[in-house]
Amino acid sequence: MEEFGVFGVFGINGPPQKLLRASVAIPASVHQVVLFSSGPWGERICVNAELNDADRFPITIGKLTPYNKCLSWEQWEEETWTNGVTLTITLEGVTVCVLGRNNAFLSHQDMAAPLAPRELNKRKRERTSEDADGDSKVAKTGEEEEEENTCPNGAREKTTPVAKVKGQGKSSKRLFGSRAGASNVNGAGDGSYKEETIHYVFSSVALLISPSARWGQTLCPIDAQTAILIGGQGARMQFCKDPMWKLCTEDMSWMAAETLAEGPTPETRIGHTATFDPDSKRIFVFGGSKNRKWFNDVHILDTQTWRWSMVEAQGKVPPLAYHSCSMFRGELFVLGGVFPRPNPEPDGCSDSLYIFDPQLSIWYQPIVTGDKPSPRSGHSACVIQQRYIYVFGGWDTPVCYNDMYMLDLGLMEFSAVKTTGKAPSPRSWHGSAVLSDTKFLIHGGYNGNNALGDAFIFDIETNSWTEAALPQLSVPRAGHSIIAMETGSLHGFQEEGKGCRKTLLVFGGGDNEGNFYSDLTTVAVKELDIYF
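Bear in mind that the values here come from a model prediction, so they are computed numbers and not experimental data.

Thresholds, definitions, all that
Residues numbered from 1 in each chain as written. Predicted model: local features only at pLDDT ≥ 70, side-chain atom pairs only at ≥ 80, totals over all residues. Heavy atoms only, no water. Salt bridge = Lys/Arg side-chain N within 4 Å of Asp/Glu carboxyl O. Helix = DSSP H or I, 4+ residues; strand = E, 2+ residues; numbered from the N terminus. Buried < 20%, exposed > 50% of the residue type's maximum accessible area, 1.4 Å probe, protein only. Phe/Tyr/Trp six-rings, centres within 6.5 Å; stacked < 30°, edge-to-face > 60°. Lys NZ or Arg CZ within 6 Å of the ring centre and 35° of its normal. pLDDT = per-residue confidence, 0-100. Contact = heavy atoms within 4.5 Å. Pairing = 2+ DSSP bridges. Core = buried A, V, L, I, M, F, W, Y, C linked by side-chain atoms within 4.5 Å.

(A) The pattern of salt bridges, seen in detail. Here the structure, examined in full by the defined rule, presents 14 salt bridges. Lys372 is the salt-bridge partner of Asp351, the closest N and O atoms lying 3.6 Å from each other. In this pair, Asp351 sits in the loop between β27 (348–349) and β28 (353–357) while Lys372 sits in the loop between β30 (369–370) and β31 (380–384), placing the two residues 21 residues apart along the sequence. Residue class for Asp351 comes out partly exposed when judged on its relative accessible area of 26%. Notably, a salt bridge pairs Asp519 with Arg477, separated by 3.1 Å at the nearest N-O pair.

See below:
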């Protein structure tokens, strides 16, 4: 039977190479990398892959799984890809795996006992002497290695003063193991290959029990007990290594979900939308961006079969990020968003409405009348009574908005909404959630200078704003997720004989000062009754 292996292709003229080490230096002449697996996966869960810069911070990441067996990267997509790049891989399975002496993946049962301190020091002296004879760099001492293991993130994952929900764990930190010298065949730039000394990393995988801190993700409810988290970006503008999670609202527990679904998973991204269709039980992921790469693809997750598929759609829709996407009668209504322009022009904002018909797999632009919103991104859109879409806020650099527009889905007509009461200040990247047939909530966001922590409720019957005092949500944040779910039994919110209760769930976000959040806060909508 064919053995399992992970292979890499470095550059368009490079031959496939079996990767037996945890880390491989990328030649300066290489601008494309392809990673793929071959052979039976058995009980293996996934292979984590990172491109790291010279300081060993991830540039970009991905996962090989039994259902997604190929990854590719190109230098033009990654702003920080320079000459010091290495490819690092780790294997997840039933047991934590490390690399053995011959650079093969081993389980705990195959590992030898650790060296005694005297023997370890002897090995270090021998290795240092060998490196010196070969004009290589002197190996680091244990003290230097230990210092190097401390992740020097300029940005932090921050725990907010809000009390943690039962069942939520702390985010795990990635630890780097000891380094050693190794040889690798690298491209010389002229089509030939030469022997070159590289460094590789012995790595083990610490399994997370909750999502890492992030912003720009989506949280999509699929039933009264389940919501799906997709994408996001965390500290140092690094895209999350754990891009997909399943949330069980019965006990507020998280389950890593990227390897649960078959089929090609969407590339990690931010500023995308994930919209659930209750009739077909499918999640539609559209758009978003990743560094200098922009997306206009549509990925569908069937929550009954747990299988991803990518749509080959007809019609034209530009790559968009930080747009809004609303589901109405089985179709996706995509409004606004940021789209890329050729350098050196700045990215532009859209004021267009695009509709995707999943039945025909086609994009089209409807004829819309009335007073439509100006171009913007980072706005919110709430579907009310399955008849209206209310659009609030957003920005088009350098202007931030706090205006309101309503799209009548029967007439396909926009109109500006004249509001009363204390309106939210101008903002974008805020959270929003529908509370009832006549009210929706706006929380947080970014005003161009600072993150915000205030909350407001809008009443469509009176066209009036009311500021809501929610101490649970007082921490300023933007790019977070807010959803309202009809929960069956959620930490006391359910009373016997009362049926389901609507609950707000707020996750993640950032404060624009380098802090990112991974907390999950719940607010019973009943607590907002005083504003109804």
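(B) Focus on the packing of aromatic side chains. Counted by the stated rule, this structure contains 21 aromatic pairs. Considering the side-chain rings of Tyr388 and Tyr390, the 6.5 Å spacing of their centres and the 65° angle between planes classify their relative orientation as edge-to-face. Looking at Tyr390, the relative accessible area reads 5%, which means it is buried. An aromatic cluster of three or more residues is present, and its members are Tyr388, Tyr390, Phe392, Phe440, Phe456, Phe458 and Trp465. Taking the ring centre of Phe295 as reference, the NZ or CZ of Arg269 above it sits at 3.8 Å.

(C) Spotlight on the confidence of the model for the chain. Confidence in the prediction for the chain averages 78 pLDDT; 74% of positions are at 70 or higher. Long-range and interchain partners of residues 94–157, a stretch whose pLDDT sits below 50, account for 77 contacts in this model, where long-range means more than four residues apart.

(D) Highlighting the sheet that holds strand β1 (residues 5–10). The strand order across the open sheet formed by four strands is β2-β1-β4-β7, and the pairing between neighbours is antiparallel. Sheet topology places β2 (17–18) and β7 (70–74) at the edges, where each strand pairs with a single neighbour. The pairing of β1 with strand β4 (residues 32–38) spans six bridges and is antiparallel. Among the inter-strand pairings, Phe10 is bridged to a residue of β4, identified as Val33.

(E) Structural context of the nonpolar core. Counting 22 residues, the largest nonpolar core has Ile26, Leu35, Trp73 and Leu87 as its most contacted members. When contributions to this core are tallied by element, the ones reaching two or more residues are β1, β4, β5 (46–52), β6 (58–64), β7 and β8 (86–92). Ile457, Leu470, Leu473 and Tyr531 belong to the second-largest nonpolar core, a separate cluster that totals 15 residues.

(F) View of the side chain of Thr275. Within the secondary structure layout, Thr275 lies in strand β18 (residues 273–277). On the accessibility criterion, Thr275 (8% relative accessible area) is buried.

(G) Region of interest: the environment of Gly431. Of note, Gly431 is situated in strand β36 (residues 431–434). Residues Gly431 and Gly444 lie 13 residues apart in sequence; the distance between their C-alpha atoms is 6.4 Å. Here Gly431 is in contact with Leu441, Ile442, His443, His480 and Ile482, once residues within four sequence places are set aside.

(H) Structural view of the sheet that holds strand β39 (residues 464–468). Judged by pairing direction, the sheet is mixed, and its five strands sit side by side in the order β35-β39-β38-β37-β36 without closing on themselves. Unpaired on one side and paired on the other, β35 (420–421) and β36 mark the two borders of the sheet.

(I) Region of interest: the side chain of Ser481. If you trace the backbone, Ser481 turns up in strand β40 (residues 481–487). With relative accessibility at 6%, the residue Ser481 sits in the buried group. The residues touching Ser481, leaving out its near neighbours within four places in the chain, are Gln217, Thr218, Leu219, Leu505, Val506 and Phe507.

(J) Spotlight on the pairing of β4. A one-sided burial pattern is seen for β4, the buried positions being Val33, Leu35 and Ser37 and the unburied ones Gln32, Val34, Phe36 and Ser38. Both β4 and β7 contribute to a ladder of five bridges, which runs antiparallel. The residue bridging Leu35 from the neighbouring strand is Leu71, located in β7.

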